[in-house]
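Tertiary structure, described
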Amino acid sequence: MNRAILLVSVCAGIVGVSYGMYTPLVPVFSRAELQADYSEVGIIGMANYLPYMFAPLFVGMVLDRMNKSYVLGAGVLLASISVFLLSSVQSIPEIIFFRLLAGIAHALFWPSSEVIISSNSETNARVKGISIFTAAWVAGFMIGPLAGNVVLETFDFKILFQAAAAVSLAAVVPSIMLLRYGRPVSQQSELRAHSASALQVGKEMAKYPAVSAVLLYYAVTFGVVLSVYPAYMEESSLSSQHIEYLFFIFGIARFATLFFVSRISKYGTLILALAVAATAAGMLIAYLFDSILSFAASLVLIGAATSIFYPVTFNMVTKNTPPSQMGQKLGAYEAMFGIGWAVGPLAVGFSSDSFGSSTPYLAFFILGSILAVSLTFVKKR
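1. Section: the pattern of salt bridges
Any two side chains of opposite charge can pair if their charged atoms end up close together. Per the stated rule, a full pass over the model turns up one salt bridge. The partner of Arg 31 in a salt bridge is Glu 235, and the shortest N-O contact between them spans 3.6 Å. One end of the pair, Arg 31, is in helix H2 (residues 26–34); the other, Glu 235, is in helix H12 (residues 229–235), with 204 residues separating them in the sequence. Overall, the relative accessible area of 22% leaves Arg 31 in the partly exposed class. By relative accessible area, Glu 235 is classed as partly exposed at 39%.

What follows is the structure, given as structure tokens:
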């Protein structure tokens, strides 16, 4: 592993721990401390992911013109500030604004990390570098809930948010050490993170309809699991500590599955159908049962599926793409994530208030089942 990938991965692991400590409990905090309804929980979740819809447009231009480690470091600092501010939140509009700041931080952190890895890797080693980076993020997110649970056993939400901010701040060190690897290089212009207009996103979705459908289903369900699902678990009388433990199990499922992705990725569409089916099954369990064991089973299935979606779809989208078009492809790819992450929590929040908190999970099961069957038929054809 080269030094640039190592440092970016260390940064991802540290920030991942911070995210894992507090992110699953933001919906619980919103419901318990601010008396938010599901619609407001959905808006809070949408605010966190909304900036990622526009990240390829603005962050891509910045990454082409300045040292990428500055952008990465700015993302880390903003993430720390936004989490710390949660400890003083008093109203729904405040938490929406602070989650919007956290979303901007993520929109700075993630694309800059990807571009640093791409620009410091050989073409045939980029997927491996992205996989290592993803594994570090997932490992951090797996450890985070345990660390958060330790804090909650003695302190309250306020101290938890402050502790998570302190952990995130530690990632500034590896981001500074990346200065020499983040300089703009004119010879590598083909690696730029191009902007992705709505038209470009539409064109890419038309080229890869099956992959696009999977990406949107994954993005929507993943955004809901992090932004609304914890509030649904809290409604079923699970404590904050139990929710942290369940997200630790979720992290284990994600991390363990990464070791098998390279072997099963050769099955392409078929393995994506299996991942969609696993997510749909997890959603059905969430709809039918409300015990801690059922939530654990649901999160294991969804967690394993999420570790399949990202690397397999990334490989399928970039597999036959020439370097000159890589930026445009990745811009559209990331924009699809942002659309799903933002729309999912908002839609589920309002539908939970209108039709019952369990109803969206039945809808995800039905949609996932239809998509999985469709993908299987596409593979046979």
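2. A few points about the packing of H2 against helix H3 (residues 38–49)
Put simply, H2 and H3 touch, their axes get as near as 10 Å, and they point 140° apart. The orientation of H2 with respect to H3, classified from their angle, is oblique. Considering the relative orientation of H2 and H3, their crossing is right-handed. Packed against H2, whose contacting residues are Val 26, Pro 27, Ser 30 and Arg 31, the element H3 presents Tyr 38, Val 41 and Ile 44 at the interface. Partitioned by chemical class, the residues of the contact of H2 with H3 number five nonpolar, one polar and one charged.

3. Describing the side chain of Ser 351
Assignment of secondary structure puts Ser 351 in helix H16 (residues 323–355). Of note is the side chain of Ser 351, whose polar atom sits 3.0 Å from the backbone oxygen of Ala 347. Residue contacts for Ser 351: discarding those within four places in its chain leaves Gly 356 and Pro 360.

Reading guide: rules and limits
Residues numbered from 1 in each chain as written. Predicted model: local features only at pLDDT ≥ 70, side-chain atom pairs only at ≥ 80, totals over all residues. Heavy atoms only, no water. Salt bridge = Lys/Arg side-chain N within 4 Å of Asp/Glu carboxyl O. Helix = DSSP H or I, 4+ residues; strand = E, 2+ residues; numbered from the N terminus. Buried < 20%, exposed > 50% of the residue type's maximum accessible area, 1.4 Å probe, protein only. Axes fitted to C-alpha atoms, helices over the stretch in contact; angles between N-to-C directions. Parallel < 35°, antiparallel > 145°, perpendicular 65-115°, else oblique. Left-handed = near helix turned anticlockwise from the far one by under 90°. Contact = heavy atoms within 4.5 Å. Nonpolar A, V, L, I, M, F, W, Y, C, P; charged D, E, K, R; others polar. Polar contact = N/O pair within 3.5 Å; in protein donor to acceptor, adjacent residues only side chain to side chain.

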